[in-house]
Amino acid sequence: MLLVAVAPSVEAEQLIRHGVELRRKGQDEAALRDFQRANEIAPSGRATAQIGLAEQALERWVDAEEHLSEALRAKTDPWIQKNRTVLEDSLRTVSGHVARLVIRGQPEGAEAFLDGHNVGRVPLEQPVRVKPGPVRVELRAAGYLAGSTTITAVAGQERTAEVRLERERPTAEPATTKLQVFETPPPPPPESSHPLRTWRRVALGATAVFLTGGVGGLVFHELKVRDFNDRGCRGGDPDPQPACKAILDDASTGKTVAVVGFVGAGVLALTSSLLYFAF
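Residues numbered from 1 in each chain as written. Predicted model: local features only at pLDDT ≥ 70, side-chain atom pairs only at ≥ 80, totals over all residues. Heavy atoms only, no water.

**Q** Help me out: how do you make sense of the overall build of the protein in this one?
**A** Each helix and strand counted, the protein has eight helices and seven strands in total. Within the span of the protein, comprising 279 residues, buried residues form 31% of the whole. Put simply, of all contacts in the protein between residues at least 6 apart along the chain, 55% involve residues at least 24 apart. For the protein, the exposed area adds up to about 19100 Å²; of that, 55% sits on carbon and sulfur atoms. (Helix = DSSP H or I, 4+ residues; strand = E, 2+ residues; numbered from the N terminus. Buried < 20%, exposed > 50% of the residue type's maximum accessible area, 1.4 Å probe, protein only. Contact = heavy atoms within 4.5 Å. Areas by Shrake-Rupley, 256 points an atom, 1.4 Å probe, with all protein chains shown as cover.)

**Q** So what exactly am I meant to see when it comes to the packing of helix 2 (residues 28–41) against helix 3 (residues 45–57) here?
**A** When two helices pack together, their arrangement is given by the angle between the helix axes and the distance between those axes. Here helix 2 crosses helix 3 at 160°, and the two axes come no closer than 9 Å. Relative to helix 3, the element helix 2 lies roughly antiparallel. Helix 2 and helix 3 meet at a crossing whose hand is left-handed. Contact residues: Asp28, Leu32, Phe35, Gln36 and Asn39 in helix 2; Ala47, Thr48, Gln50, Ile51, Ala54, Glu55 and Ala57 in helix 3. (Axes fitted to C-alpha atoms, helices over the stretch in contact; angles between N-to-C directions. Parallel < 35°, antiparallel > 145°, perpendicular 65-115°, else oblique. Left-handed = near helix turned anticlockwise from the far one by under 90°.)

**Q** Which parts of the structure should I look at to understand unusual backbone geometry?
**A** Keep in mind that most residues, glycine aside, have a negative phi and that most peptide bonds are trans. Here the amide bond leading from glutamine 106 into proline 107 is cis, since omega sits at 5°, within 30 degrees of zero. Along the chain, proline 107 turns up in the loop between strand 1 (99–106) and strand 2 (111–114). Looking along the chain, the bond that leaves valine 122 and enters proline 123 is cis, with omega of 0°. In the Ramachandran plot, aspartate 115 falls in the positive-phi region, its phi being about 50° despite a non-glycine side chain.

**Q** Explain the layout of surface pockets to me, please; I cannot follow it from the model alone.
**A** Regions of empty space are outlined by a rolling probe, equal in size to a water molecule, passed over the atoms. Taken as a whole, the largest pocket spans an internal volume of roughly 290 Å³. For the largest pocket, the lining is made up of 18 residues, of which Val62, Asp115, Arg129, Val130 and Lys131 are closest to its centre. Contributions of two or more residues to the lining of the largest pocket are made by helix 4 (61–72), strand 3 (117–121), strand 4 (128–130) and strand 5 (133–140). In the lining of the largest pocket, the residues fall into nine nonpolar, three polar and six charged. (1 Å grid on protein atoms, 1.4 Å probe; cavity = no way out; pocket = protein on both sides within 12 Å on 5 of 7 lines; lining within 4 Å. Points joined across faces, edges and corners; volume = space filled by probe spheres on them. Nonpolar A, V, L, I, M, F, W, Y, C, P; charged D, E, K, R; others polar.)

**Q** Help me understand the sheet that holds strand 7 (residues 158–164), please; the structure alone is not making it clear to me.
**A** Pairing between the strands of a sheet comes from backbone hydrogen bonds, and it takes one of two forms, parallel or antiparallel. The strand order across the open sheet built from three strands is 4-1-7, with neighbouring strands paired in mixed fashion. Two strands lie at the open edges of the sheet, namely strand 4 and strand 7, each paired on one side alone. Here the average twist between neighbouring strands, direction ignored, is 35°. Looking at chain direction, strand 1 and strand 4 are connected through three bridges and run antiparallel. Each bridged residue has a counterpart across the sheet, and for alanine 99 the counterpart in strand 4 is valine 130. (Pairing = 2+ DSSP bridges.)

**Q** Just checking my understanding: could you explain the pairing of strand 3 for this structure?
**A** Each regular strand shows side chains that alternate between the opposite faces of the sheet. Sheet topology places strand 2 next to strand 3; four bridges connect them, and they run antiparallel. Residue alanine 112 lies in a different strand from strand 3, and its bridge partner there is glycine 120. Count of turn residues in the strand 2/strand 3 antiparallel hairpin: two residues, of which aspartate 115 carries a positive phi of about 50°.

**Q** How should I be thinking about the packing of aromatic side chains in this particular structure?
**A** Working definition: an aromatic ring pair is given by the centre-to-centre distance plus the angle between the planes. Taken as a whole and assessed by the stated rule, the structure comprises zero aromatic pairs. Between the NZ or CZ atom of arginine 140 and the centre of the ring of phenylalanine 113, over which it lies, the distance is 3.9 Å. (Phe/Tyr/Trp six-rings, centres within 6.5 Å; stacked < 30°, edge-to-face > 60°. Lys NZ or Arg CZ within 6 Å of the ring centre and 35° of its normal.)

So this is what it looks like as structure tokens:
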């Protein structure tokens, strides 16, 4: 069997002719696929124009405007020159259904997204063609928080959307465990041998002695008073019995010792306190 190779331009021409027939039958979707295949095989202004006309019929306004504009830039294509008037009329009709957005923002170089689709980096050289209706404009840049705004695009009009990004705040550094070194405190300095410090210790010891003596004298006095009463001695008797007189003298002596002990302990305690706070 003999196979005959078909030149790409011939195959593309066949696809275009078939696509035109499909469009006459109202099969614009199938015709669009033929035109796209023809343009892949042999790119031409004619194929691009047919793609735009099929997209116009399918009300794919944004794509149709792009392809018709591209086709009209092929000024040396004979088919384009012959059908320029028709194509320009179609482009005006399509453009009336297309909105345009001027995307501005900071920082420069941030990536711009329209409804999640990347359309380049700001500043964009040309307005972006969009379908009429609400459009979400988002900018993203390294070191910045993503920012967005929603703008309503209007058919046949050009509107501006501007987004300014804020810098990211530096994240807190992870907590680190710091090794704490505790030094052994030096031993306290030896107590000074100042004479008054010695007297302070002596006064403190003497306070204890006098306090003990005062308590002992008080106890002795109470015992003798009880003994005096138990013997039936009378305190107001001008000439008491010898035994009662001895007990009375002992009680008096105990009272004297108690008074001397308590008074002395108080004086010495005060002296010791003054020496303590002074040195």
